[in-house]
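# A look at the structure
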Amino acid sequence: MSERKYIVGNWKMHGTRAMLAEARAIDRSAERLIKVEVAIAPPFTLVHACRKEATLIGIGGQDCHHVEDGAHTGDVSAAMLKDAGAGFVILGHSERRANHGETNADVKAKADAAIAAGLNIIVCVGETEAERDAGKAEAVIAKMLAGSLPSGGEALTEKVTVAYEPVWAIGSGRTPTPEEIVAMHTSIRKQLVKAYGEEGASIRILYGGSVNAENTRELLADDIVGGALVGGASLSAESFLGIIIAAGDLGEE
Ligand SMILES: O=C[C@H](O)COP(=O)(O)O
């Protein structure tokens, strides 16, 4: 048996206040599911309300700016997220890298700012289908990690989580095989040890991309897979709880 799996729902740009009922329902069940650590990352507009509605699960943001405040129209800082009740922030998601031109250096700056503001971080990395087909996936991920991870110098194990999300698996219904996931997680583990020494050995690594209640047991079976970053299937309490229950069978209290 492994440690508790960490199941994080990324609501992306979904959710008005009507979705607070889902957060409440997830939170109520999380009380019973002590074998899983559960969190959701709603849109910025719902972070504060979700924190008030759901007291047992983690609440996080989906991005933050790298400075604390200033003339940055439309942006939200890590300190603001913290103030709204967030405990963590997702950084470097492939949708932000692709649609907003975020570079590894941008992600690292945000990661350092988030940790300085007292937030935990989930740093996302993932290869494209062309990169995988060219046999470059591990090299691509190693480069992304080297450029995106926050500076060391303080205890980071509890603060940093890495999410491996192959771009081609996101929202596609396709996933790598469990063996491919374990191979990539093993490679990521090596990069984390290279970056942080022994501390890197215990940083949690999640898998993300088309995770659902049916494939959770298979995709998360190996101890090296610390949990899942879930998109579409986290948008209803019913489907998200299916994943949480399946993950609960894999972990221990
Ligand atoms: O952040 C979540 C990922 O992008 C996965 O999304 P998905 O579960 O809808 O494939």
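Procedures and definitions
Residues numbered from 1 in each chain as written. Predicted model: local features only at pLDDT ≥ 70, side-chain atom pairs only at ≥ 80, totals over all residues. Heavy atoms only, no water. UniProt positions renumbered as here; feature names shortened; annotations may be inferred. Helix = DSSP H or I, 4+ residues; strand = E, 2+ residues; numbered from the N terminus. Contact = heavy atoms within 4.5 Å. Polar contact = N/O pair within 3.5 Å; in protein donor to acceptor, adjacent residues only side chain to side chain.

## Thoughts on the UniProt feature "active site" (unreviewed entry) in the chain
According to UniProt, the "active site" (unreviewed entry) feature falls on His93 and Glu165. Across 73 residues of sequence, these annotated residues stay compact in space, with a maximum C-alpha separation of 8.4 Å. By the element assignment, His93 lies in the loop between strand S4 (88–91) and helix H4 (94–99). Setting aside its immediate chain neighbours within four residues, His93 contacts Asn10, Lys12, Cys124, Glu165 and Ile170. Side-chain polar atoms of His93 contact the backbone nitrogen of Glu95, separated by 2.9 Å. Relative to the helices and strands, Glu165 resides in the loop between strand S6 (160–164) and helix H8 (178–196). Excluding residues within four positions of it along the chain, Glu165 makes contact with His93, Val125, Gly126, Glu127, Ile170, Gly208, Gly209 and Leu229.

## Structural notes on the side chain of Ser148
Note on placement: Ser148 falls in helix H7 (residues 137–148). In this view, Ser148 contacts Arg97, Asn104, Val107, Lys108, Ala111 and Val123; residues no more than four positions away in its chain are not counted.

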